[in-house]
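# Commentary on secondary and tertiary structure
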Amino acid sequence: MNRYKVAVFDLDGTLFNNQSQVSPKNLHALKRLKETGMLLGIASGRDYAHIASNYQKLASLMDFVVEENGTHFIDLHTNKETLTSEPVDSNQFVHFYQKLSTIPTAAFFNEAGKPYGIGDQAVLDFFMAEAHATEVNKISLSQLPQHVFHKIVVAHYLKDSTQLNQLVSHYLPHNLSATKSVNFLFEIQDAKTTKSSGIQAYIKTQGINMREVVAFGDGDNDLSMIKDAGLGVAMKNAMKDVKNVADMMTEEEANDDGVAKFIEKYFFHA
């Protein structure tokens, strides 16, 4: 147990089940892990305000949160938020987004805790329903350069996203990255910023290195932390690329308490 000092968890497809809820078994396993003295953290594409307001029991167990794929981290003991990335060049993003205009899409970002959206209204509505969001402030594409943001999500509702994947791959500027946590969206941010870089920024303040970190994840945006952690654990339901870089894999999927069962077996030999 002494080998690892930090455990970090993705949310969607990892701690969350198909209803975007944390099961009692997962909460119990996290509590047991915390009682050993390990620091617990979340590394998510979501922002902390959403997590804290919708998942209080989960948030209460955490020592830190890496937000929006590594763009910020919050030390929950001091409530200090630290920015760890460069903002997305909004003019550059406008030029890129115009290249996607042949396909119905919408884009979303947070600025100072306030959600904004642009693009196709039907896609906006679809994304809000999927994200369990209750509000978004719609603006026009021409208004986007007036805002500052460190991550922006491009969503779609296509059954076959091959054409959109090709457009994103072809036109995305080299200084930006586009990762997926779920199949219907791309999360776009500074290419140097990842969940791993956000975790490293936090653990440096604690005198801990990545060899002492256990990371759990399933999606494209989890690749960096799964690869860099001392123990990278892919969910059984993880994308193939994530499984390829992981050290271990859970025996069950997220919807069947995969995290809890791994913790009980690996750390407590249950």
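You'll find the structure just up there.
Now for a look at the structure at hand. None of the values given here were measured: they were computed from a predicted structure. (Residues numbered from 1 in each chain as written. Predicted model: local features only at pLDDT ≥ 70, side-chain atom pairs only at ≥ 80, totals over all residues. Heavy atoms only, no water.)

It is worth spelling out the pattern of salt bridges at this point. Scanning the entire structure with this criterion turns up ten salt bridges. Shared partners join several salt bridges into a network, and the residues in it are D10, K195 and D222. (Salt bridge = Lys/Arg side-chain N within 4 Å of Asp/Glu carboxyl O.)

The tally for this structure, following the rule as stated, stands at 15 aromatic pairs. Note on F93 and F149: the rings are 6.5 Å apart at their centroids and 85 degrees apart in plane angle, and the pair reads as edge-to-face. One end of the pair, F93, is in helix α5 (residues 90-98); the other, F149, is in the loop between β8 (137-138) and β9 (151-155), and 56 residues separate them in sequence. Taking relative accessible area as the criterion, F93 reaches 0% and is therefore assigned buried. The buried category is assigned to F149, whose relative accessible area is 1%. (Phe/Tyr/Trp six-rings, centres within 6.5 Å; stacked < 30°, edge-to-face > 60°. Helix = DSSP H or I, 4+ residues; strand = E, 2+ residues; numbered from the N terminus. Buried < 20%, exposed > 50% of the residue type's maximum accessible area, 1.4 Å probe, protein only.)

Strand order in this open sheet of eight strands is β5-β4-β3-β2-β1-β12-β13-β14, and the pairing throughout is mixed. The open sheet has two edge strands with one neighbour each: β5 (80-83) and β14 (248-249). Pairing of strand β1 (residues 6-9) with strand β12 (residues 213-217) involves four bridges; the strand directions are parallel. If you follow A7 over to β12, its bridge partner there is V214. Running over the sheet, helix α8 (residues 195-205) touches β1, β2 (39-43), β3 (64-67), β4 (72-75) and β12 and is turned about 35 degrees from β4. (Pairing = 2+ DSSP bridges. Contact = heavy atoms within 4.5 Å. Axes fitted to C-alpha atoms, helices over the stretch in contact; angles between N-to-C directions.)

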